[in-house]
Amino acid sequence: MRKAIEDLAESQIREVANAGIGRDDVLPFWFGESDEVTPDFIRQAAIESLQRGETFYAHNLGLPELRDAIARYMAALHGPIEADRIAVTSGGVNALMLAVQCLVDPGDDVVAVTPVWPNLTAQPAIMGARLRCVPLRPLGGQWTLDLQALLAAITPATRLLIVNAPNNPTGWTLRAEEQAALLAHCRRTGTWILADEVYERLYYAPSAHACAPSFLDQAQPDDRLVVVHSFSKSFLMTGWRLGWLVMPAAMTPHMGKLIEFNTSCASVFTQRAALAALARQSEVTPRVVAHLRQCRDTLAPLLEAMPQVAVSAAHGGMYAFFRLQGSDDSLAVAKRLVREAGLGLAPGSAFAPQAQGWLRWCFASRDPARLVLGVERLQAWLDRN
């Protein structure tokens, strides 16, 4: 067994969830997914594919028609993007791991912006990289980036910069001018950028493009930039495990080889479902975003009104990230909330040491009344403690 694998930390989010899964009295807000099922027309496309007998291998890089559809979808948001820059993957998680496998050798220097979903810092460790984390800083309940500190951390020795924005768990979002500065700096240092932008459509600040700022808005096609996307969040397709990569065209054939040795290909019936989702995305994503805004605007004011809580409404994503005064061990608090309050939240310590004492609440709830009930349970628990 490789030591890097033995040393991997188990998911604290799963640790909390395992303590409450199966309990009818627990309100689960620990995972990053909505409790709303995938729209029927997307499910029907998969069913019809299976009924046609599409149960065989596909191209490593994905169905050509799906790659074309993804390229058109991305081009509508970010300008011209050709299908030869697209690879379909078995989920956004798979896309991230493939990118790290493709770019990072043992001993390479990698910089990551944290707090962040723990997979993004575990993946370089799995590859034997030396990881340096540049933390966001909380000001009240709002997390902010020290851009100069991040630029200083990226040197010619830095192989890869990993950035997730809109950010899980904090909701922090890069500004376009910050992306331009990072891209220019990484061009000078020869550093690759891995941008996890799976939450780009879940964006609540005013925008002319119906999405958060993207590195693709700033980059040239041959820049050392790999962008990760997923059907999970914006299309209510978390369990389908389907994502995609945008990369320089010269990298794509090599990514196809790597996909062969990881998963071979994404299943055809899930790709047919994705084609249906993209063909009618205007019926899905805007409604999802509008509902999530309603959920955010239901939960955030209730938390802000609690004197024991420091929080600020997220600009993007699907999470309220908040600090409880006097709570320094977020894993212990999260477990107690499951056990004593019937409330399932993710511990901040799962995302970075700097987030100790914070909690993540996924507000993607089909019924916003569940969020109100969750706040009532939190307040009652705080009153007792």
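Residues numbered from 1 in each chain as written. Predicted model: local features only at pLDDT ≥ 70, side-chain atom pairs only at ≥ 80, totals over all residues. Heavy atoms only, no water.

A. The arrangement of the layout of surface pockets in detail. Of the voids in this model, the largest pocket is the one considered here, and its volume is about 1200 Å³. In terms of lining residues, the largest pocket is bounded by 45 residues, among which S11, I13, W117, P118 and N119 are the most central. If you list the elements that add at least two residues to the lining of the largest pocket, you get α2 (12–18), α5 (92–103), α6 (119–126), β4 (130–135) and β9 (225–230). Looking at the lining of the largest pocket element by element, the count peaks at six residues for α6. Residues belonging to the lining of the largest pocket are distributed by class as follows: 22 nonpolar, 16 polar and seven charged. There is about 180 Å³ of room inside the second largest pocket. Looking at the lining of the second largest pocket residue by residue, the class counts come to six nonpolar, two polar and three charged. (1 Å grid on protein atoms, 1.4 Å probe; cavity = no way out; pocket = protein on both sides within 12 Å on 5 of 7 lines; lining within 4 Å. Points joined across faces, edges and corners; volume = space filled by probe spheres on them. Helix = DSSP H or I, 4+ residues; strand = E, 2+ residues; numbered from the N terminus. Nonpolar A, V, L, I, M, F, W, Y, C, P; charged D, E, K, R; others polar.)

B. Quick peek at the side chain of E200. Its place among the elements puts E200 in the loop between β8 (192–196) and β9. Looking at E200, its side chain comes within polar contact range of the side chain of H78, at 2.9 Å. Beyond its immediate stretch of four places on either side in the chain, E200 contacts M74, L77, H78, P166, C211, A212, S214 and H229. (Polar contact = N/O pair within 3.5 Å; in protein donor to acceptor, adjacent residues only side chain to side chain. Contact = heavy atoms within 4.5 Å.)

C. View of the packing of aromatic side chains. Going through the model one piece at a time under the given rule, you end up with twelve aromatic pairs. Relative to F235, the ring of F231 has its centre 5.5 Å away and its plane inclined at 45 degrees; by these criteria the two rings are tilted. As far as the burial class goes, F231 and F235 line up, both buried. Consider the rings of F321 and F351, whose centres lie 6.2 Å apart with planes at 85 degrees: the pair is edge-to-face. Of this pair, F321 sits in strand β12 (residues 319–324) while F351 sits in the loop between β14 (346–347) and β15 (358–362); the two residues are 30 residues apart in sequence, bridging distant segments of the chain. Taken together through their ring pairs, the aromatic side chains of Y73, F231, F235 and W244 make up a single cluster. The ring centre of F41 lies 3.8 Å from the NZ or CZ of R280, which sits over that ring. (Phe/Tyr/Trp six-rings, centres within 6.5 Å; stacked < 30°, edge-to-face > 60°. Buried < 20%, exposed > 50% of the residue type's maximum accessible area, 1.4 Å probe, protein only. Lys NZ or Arg CZ within 6 Å of the ring centre and 35° of its normal.)

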